[in-house]
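For reference, the chains in residue letters:
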Amino acid sequence: MARKKDGAKESANRRRVAEDVARIRSAGIPVLAKDIAESLSMSTVTVGKHLRALGLSFHGPMGWYGPDEGEYSAWDASAKCWCAPSSTVDGAMAEADHPTLVGRCEWFWPTPDAERVIEDMGDQAEEFVEDGGDLWLGCSVPKEAVDDLQRRLQDAVDGWLGDNGLQPTLFRVVEEAQC
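Draft legend 1. Structural detail: the sheet that holds strand S2 (residues 81-82). Here four strands make up an open sheet; going across it, the order is S2-S1-S3-S4 and the pairing antiparallel. Since the sheet does not close on itself, it has two edges, and those belong to S2 and strand S4 (171-178), each with one partner. Judged from the six bridges that link them, strand S3 (residues 99-107) and S4 form a sheet pairing that is antiparallel. In the strand pairing of S4, Arg-104 is matched with Val-174.

What follows is the structure, encoded as structure tokens:
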């Protein structure tokens, strides 16, 4: 009976964490495990466990935040994870219950490859007309034109990601140092 009661409590806590995450995200505020833990009177380790169970973890190489949300993250030895990014080293260490390492966050942003797009267009031309299609672009595209396409592709990808709410929120920690 006690095991069933503990399972129900875990499910209820997980639901509370999920509801708090949804509330915070809908307000457009960065989701910090520390804030959720405080608002729900739980430890950050417990919140982190529930976030991972919900598939919403910001730990490991991934984050929920954007590059302007923080430059540093701390390793929590008890939770065995990287915590929410912060703009300061002290702020990052405050996110962890037992910080042992702190590191600078490196943020992921996709970069389209103009040279690959040009090569793909040449392949399409060759498939379309069979012989000689590769002569259409070949090696004749000037560097300035490739750079121009690169800028245009990046602008298009950035706009598309923003318009569809698909901005990546992934980070990895580099340049680790002991706390």
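Draft legend 2. Structural detail: the nonpolar core. Counting nine residues, the largest nonpolar core is built from Val-17, Val-21, Ile-24, Ile-36, Ala-37, Leu-40, Met-42, Val-47 and Leu-51. Of all the secondary structure elements, the ones that give two or more residues to this core are helix H1 (2-26), helix H2 (33-40) and helix H3 (44-53). Listed in part, the six residues of the second largest apolar core include Leu-101, Trp-107, Phe-171 and Val-173.

Draft legend 3. Fine view of helix H6 (residues 143-163). Taking 1.5 Å per residue, 21 residues should reach 30 Å; H6 reaches 30 Å between its end C-alpha atoms and fits that length. Those residues of H6 that sit buried are Val-146, Leu-153, Gln-154 and Leu-161. Projected down its long axis, H6 carries its buried residues within an arc of 105 degrees, all on one side. For H6, the exposed residues lying more than 90 degrees away from the buried face are Glu-144, Arg-152, Asp-155 and Asp-163. Looking at the buried residues of H6, the elements they touch are helix H5 (114-129). Positive phi appears at Gly-165, one or two residues downstream of H6, with a value of about 60 degrees.

Definitions and limits used
Residues numbered from 1 in each chain as written. Predicted model: local features only at pLDDT ≥ 70, side-chain atom pairs only at ≥ 80, totals over all residues. Heavy atoms only, no water. Pairing = 2+ DSSP bridges. Helix = DSSP H or I, 4+ residues; strand = E, 2+ residues; numbered from the N terminus. Core = buried A, V, L, I, M, F, W, Y, C linked by side-chain atoms within 4.5 Å. Buried < 20%, exposed > 50% of the residue type's maximum accessible area, 1.4 Å probe, protein only. Expected span 1.5 Å × (residues − 1). Arc of directions from axis to C-beta. Contact = heavy atoms within 4.5 Å.

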